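Tertiary structure, described
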Amino acid sequence: MKTKKLLLFTLLTTTLFGCGTAPKEYESFEDYPTFSQPWDEMTYSETGTDFMLWAPTAEEVNVKLYTDGLTGNAIQTVPMKEAGNGIWKASVTEDLKGKFYTFQVKINGKWLDETPGVMAKAVGVNGKRGAILNLDTTDPEGWSQDVRPTLKGFDDIIIYEMHHRDFSIDSLSGIKNRGKYLALTETGTTSKEGQKTGIDHLKELGITHVHLLPSYDYASVDETQLDKPQYNWGYDPLNYNAPEGSYATDPYTPETRIREFKQMVMALHQAGIRVIMDVVYNHTFNTEGSNFERTVPGYFYRQNPDGSFANGSACGNETASEREMMRKYMVESVCYWANEYHIDGFRFDLMGIHDITTMEAIRSALDKIDPTIYIYGEGWAASSPAYPADSLAMKANTYRMPGVAAFSDEFRDGLRGSWNNDLEGAFVIGRTGHDTQVMFGITAALPHPQLKDSTLNTPASWTAQPTQMLSYTSCHDDHCITDRLKITAPKATDKELTAYHKLAHTAVFTSQGVPFIFTGDEIMRDKKGVRNSYNSPDSINAINWAGKAIHREAFDYLKGLIAMRKAHPAFHLGDAELIYKHLEFLDMEDNNVVAFRINGAPNGDTWKNITVILNSKNEPASIDVPQGTYQIVCKDGKINPEKGLGSMTGNKLTAAPRSALIVHQ
């Protein structure tokens, strides 16, 4: 075994350093020294600043000090000294506040390019240099009193995914700080038509969590050229532990981006909304030029047998979460965001690249901070990672990771069509063969007794609890639901598109999983048919706030669904055994009809025997029910959970074409 490891390491170091010997005598990455203390690369005080870098393969390490965050030569070079466990240290006994720094590592007689380190928590413009500051001075007024909005359990969560720029860049949004963190601090904003926008819109809709697309410092937007049109989703990490500068009002001043990010979080918390951060630890923007590779070459990435970099992300590399220091890095990074920025949840990009043990370690660490911090991610990779599949945080292994959730692409595809075929529609536009996928989503990917019949062709279950599955029709990645409906039903009228839209979201919000909405779906936004809009201009990605008045019917319907779900715990039982006991599918023979009843009044619900019919046929659909009187709350594309829509008596319920019927006793 040792011979095999040594051969791999020799191949790797040949690739990385152009020779057949490692810079220091380590047989494998497992032999690299590690440390247990907090990973703080820069610790400031008025009397001096301490620097620390983990670089076990380095021969020499320097700290360089600068007066500017991007340009100019170093004003001082400070040699660092080995301090054991692969750590290098240096101290400067003067007040360095306002200065900037980089590390430079020498390996095999060669000085690598400078880096702000891997754990920089404040950076200059474009993130090339770390910034020296006192983080306490970045706290906005009232920050010490900021608290997370109350959350009884994960089953109460309703997630709204947004990109900072998309949400507020529209010139008619009524928002002053368009495209910035501060856009989510403004209240009283309205569109030209008088519709609520911004944070007031979120409160009106009723969501509980905002999922922010990557907000750490990423590489693809030049922060010195913000007067020029630039756009990116941000899945190209540069500095994982500092906020992105292009969303700040001043990217040159390190304190500004930190303070404004905190102001945003505090404003959302005051509005009763929790904040989820999209994290992309699975790959970096580049490989050889990354902060990881300029510090400890090879260590933070997986390799193929020939020593080349593995590429499960399809972005040029994949990180090695199973290695002790990469795992420590990820755990400390999410804890830092949870503690310093009061972040309430994390969405892991390509979570299937990470190993299960690391995800369990992250869950355990966050539990110690606040067990209501939510964790979910994409339960897949772009291609096969260079690590055993049974040890990865893939969707199929979700049941082995308590407190970690994943997206249900089965439910999404069953509702609107396969991700692999843009032209393929599914249940909501009346295509047959997708009923069991929808039922699978209604049960939150659990092994429901009624879905175990092999003839049903039900997807394989992968959750242990319902809160481990996210229910959704679209997200930033791929077509939004309106575009997908227009593509798969090109002859549909506006009225029919709205009906499809309502039916899809009724399924999502009556599912026992955690519902997830893509920003603008509530007002039927489109992206002009663009599927992968990661770098498309504002004309494609921006929310057109005029659409709220145009599609107010769809907004009010979705708002009603959210209000119904929040008021009635039967729609989010939160426990697998309760779902097995109370949720019963009805009339499973009729194609393009999914009907179910939540028997009794579980979890103290004020409604009894809630019955839902999802009818995607172009004709009415009827099911037999016990004789009785039923109160109607959703019918013919209208919903009113508070006052209802009347009642009916009998032993048969009928849902109109392309619509949902929801009743209770």
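Our subject is the structure listed above.
Thresholds applied
- Residues numbered from 1 in each chain as written.
- Predicted model: local features only at pLDDT ≥ 70, side-chain atom pairs only at ≥ 80, totals over all residues.
- Heavy atoms only, no water.
- Helix = DSSP H or I, 4+ residues; strand = E, 2+ residues; numbered from the N terminus.
- Rg over C-alpha atoms; globule rule 2.2 N^0.38 Å.
- Buried < 20%, exposed > 50% of the residue type's maximum accessible area, 1.4 Å probe, protein only.
- Contact = heavy atoms within 4.5 Å.
- Pairing = 2+ DSSP bridges.
- Expected span 1.5 Å × (residues − 1).
- Axes fitted to C-alpha atoms, helices over the stretch in contact; angles between N-to-C directions.
- Polar contact = N/O pair within 3.5 Å; in protein donor to acceptor, adjacent residues only side chain to side chain.
- Disulfide = S-S within 2.5 Å.
- 1 Å grid on protein atoms, 1.4 Å probe; cavity = no way out; pocket = protein on both sides within 12 Å on 5 of 7 lines; lining within 4 Å.
- Points joined across faces, edges and corners; volume = space filled by probe spheres on them.
- Nonpolar A, V, L, I, M, F, W, Y, C, P; charged D, E, K, R; others polar.
- Salt bridge = Lys/Arg side-chain N within 4 Å of Asp/Glu carboxyl O.
- Parallel < 35°, antiparallel > 145°, perpendicular 65-115°, else oblique.
- Left-handed = near helix turned anticlockwise from the far one by under 90°.
- Phe/Tyr/Trp six-rings, centres within 6.5 Å; stacked < 30°, edge-to-face > 60°.
- Core = buried A, V, L, I, M, F, W, Y, C linked by side-chain atoms within 4.5 Å.

**Quick look at the overall build of the protein**
Broken down by element type, the protein carries 14 helices and 26 strands. Relative to the 2.2 N^0.38 estimate, which gives 26 Å for 665 residues, the radius of gyration of the protein is 26 Å and therefore close to what a compact globule would have. With the principal axes as the frame, the protein shows a C-alpha extent of 85 × 60 × 45 Å. With 665 residues in all, the protein has 62% of them scored as buried.

**Description of the side chain of His 354**
Take His 354: it is sitting in the loop between strand E15 (345-348) and helix H6 (356-369). Accessibility expressed as a relative area gives 0% for His 354, which makes it buried. Here His 354 is in contact with Tyr 281, Asn 282, Arg 302, Thr 319, Ser 321, Met 330, Phe 348, Asp 349, Met 359, Leu 392 and Ala 393, once residues within four sequence places are set aside.

**Here's the deal with the pairing of strand E19 (residues 514-518)**
For E19, the buried fraction is high: five of the five residues fall into the buried class. Alternating residues of E19 divide into Val 514, Phe 516 and Phe 518 and Pro 515 and Ile 517, and every residue in both groups is buried. Bridging between strand E18 (residues 469-471) and E19 involves two bridges; their strand directions are parallel. Of the residues in E19, the one forming a bridge with Ser 471 is Pro 515.

**Side note on unusual backbone geometry**
Excluding glycine, residues mostly carry a negative phi; peptide bonds, for their part, are mostly trans. Backbone geometry at Ala 445 places phi at a positive 65°, although glycine is not the residue there. Along the polypeptide, Ala 445 turns up in the loop between helix H8 (435-442) and E18. The class for Ala 445 is buried, based on a relative accessible area of 0%. Phi is positive for Asn 609, close to 50°, though the residue is something other than glycine. With respect to the helices and strands, the residue Asn 609 is situated in the loop between strand E21 (593-598) and strand E22 (610-615).

**Some points on helix H13 (residues 552-567)**
In this model H13 runs 22 Å from its N-terminal to its C-terminal C-alpha over 16 residues, within 8% of the 22 Å that 1.5 Å per residue would give. When H13 is considered as a whole, its buried residues turn out to be Ala 554, Phe 555, Tyr 557, Leu 558, Gly 560, Leu 561, Ile 562, Met 564 and Arg 565.

**Some points on the sheet that holds E18**
Reading around the circumference, E10-E11-E14-E15-E16-E17-E18-E19 is the order of the eight strands in this closed barrel, with parallel pairing throughout. Going across the sheet, the axis of each strand differs from the next one's by a mean of 30°, ignoring polarity. Strand direction decides the pairing type here: strand E17 (residues 405-407) and E18, joined by two bridges, are parallel. Looking across to E18, one finds that Ala 406 is bridged to Met 469. Along the sheet face, helix H4 (residues 254-270) touches strand E11 (209-212) and strand E14 (274-279) and points at about 135° away from the line of E14.

**Considering the side chain of Ser 511**
Mapping Ser 511 onto the fold places it in the loop between helix H10 (494-510) and E19. You can call Ser 511 buried: its relative accessible area is 0%. Within the local environment of Ser 511, its side chain forms a polar contact with the side chain of Ser 471, the two groups lying 2.8 Å apart.

**Observations regarding the state of the cysteines**
Enumeration over the complete set of coordinates arrives at zero disulfides. Its sulfur unpaired, Cys 475 is 11 Å from the next cysteine sulfur, which belongs to Cys 480. Residue Cys 475 is classed as buried on the basis of its relative accessible area of 9%.

**Quick notes on the layout of surface pockets**
Using a probe with the size of a water molecule, rolled over the atoms, empty space left in the structure can be pinpointed. Roughly 840 Å³ of internal volume is contained in the largest pocket. Along its surface, the largest pocket is lined by 30 residues, and Asp 349, Leu 350, Glu 378, Trp 419 and Asp 477 are the ones closest to its centre. Examining the composition of the lining of the largest pocket, we find that three residues originate from one element, helix H7 (residues 409-416), more than from any other. The residue makeup of the lining of the largest pocket, split by class, is 13 nonpolar, seven polar and ten charged.

**A word on the pattern of salt bridges**
For the structure on display, the rule yields 36 salt bridges. The salt bridge involving Asp 344 is made with Arg 148; its shortest N-O contact spans 2.8 Å. Of this pair, Asp 344 sits in the loop between helix H5 (324-340) and E15 while Arg 148 sits in the loop between strand E9 (130-131) and strand E10 (159-162); the two residues are 196 residues apart in sequence, bridging distant segments of the chain. Each member of the pair, Asp 344 as well as Arg 148, is classed as buried. The residue Glu 318 makes a salt bridge to Arg 302 at a minimum N-O spacing of 2.8 Å.

**Quick look at the packing of helix H9 (residues 481-488) against H10**
Two numbers describe how H9 lies on H10: the axes approach to 10 Å, and their chain directions differ by 125°. Taken as axis vectors, H9 and H10 run oblique relative to one another. Our pair here, H9 against H10, has a crossing hand that is right-handed. Across from Ile 481, Thr 482, Leu 485 and Lys 486 in H9, the residues of H10 making contact are Leu 497, Tyr 500, His 501 and His 505.

**Some words on the packing of aromatic side chains**
Scanning all chains against the criterion turns up 41 aromatic pairs. With centroids separated by 5.8 Å and ring planes inclined at 85°, the aromatic side chains of Phe 29 and Tyr 299 adopt a geometry described as edge-to-face. In this pair, Phe 29 is assigned in the loop between helix H1 (2-17) and strand E1 (42-45) and Tyr 299 in the loop between E14 and H5, connecting sequence segments 270 residues apart. For the ring pair Tyr 240 and Tyr 281, a centre distance of 5.1 Å and an interplane angle of 25° mean the geometry is stacked. Separated by 41 residues along the polypeptide, Tyr 240 in strand E13 (residues 237-243) and Tyr 281 in the loop between E14 and H5 bring together distant segments of the chain. Assessed through its relative accessible area of 3%, Tyr 240 is described here as buried. Take Tyr 281: its relative accessible area is 1%, and that puts it in the buried class.

**A closer look at the nonpolar core**
The biggest cluster of nonpolar side chains holds 141 residues, and the ones touching the most others in it are Trp 39, Trp 54, Leu 202, Ile 207, Phe 346, Phe 348 and Leu 614. The leading source of residues in this core is H5, at ten residues. Setting aside anything within four residues of it in sequence, one finds Leu 202 in contact with Tyr 160, Met 162, Phe 167, Leu 184, Ile 207, Val 210, Leu 268 and Ile 273. Judged by nonpolar contacts, the second largest core, of 24 residues, contains Tyr 44, Val 92, Ala 120 and Ile 132.

**Some remarks on the packing of H7 against H8**
Contact geometry for H7 and H8: axes closest at 8 Å, N-to-C directions at 135°. In terms of orientation, H7 and H8 fall into the oblique class. As for the relative orientation of H7 and H8, their crossing is left-handed in sense. Side by side, H7 and H8 meet where Glu 410, Phe 411, Asp 413, Gly 414 and Leu 415 of the first sit next to Gln 437, Val 438, Phe 440, Gly 441 and Ile 442 of the second. Residues that form the contact of H7 with H8 fall into these classes: five nonpolar, three polar and two charged.

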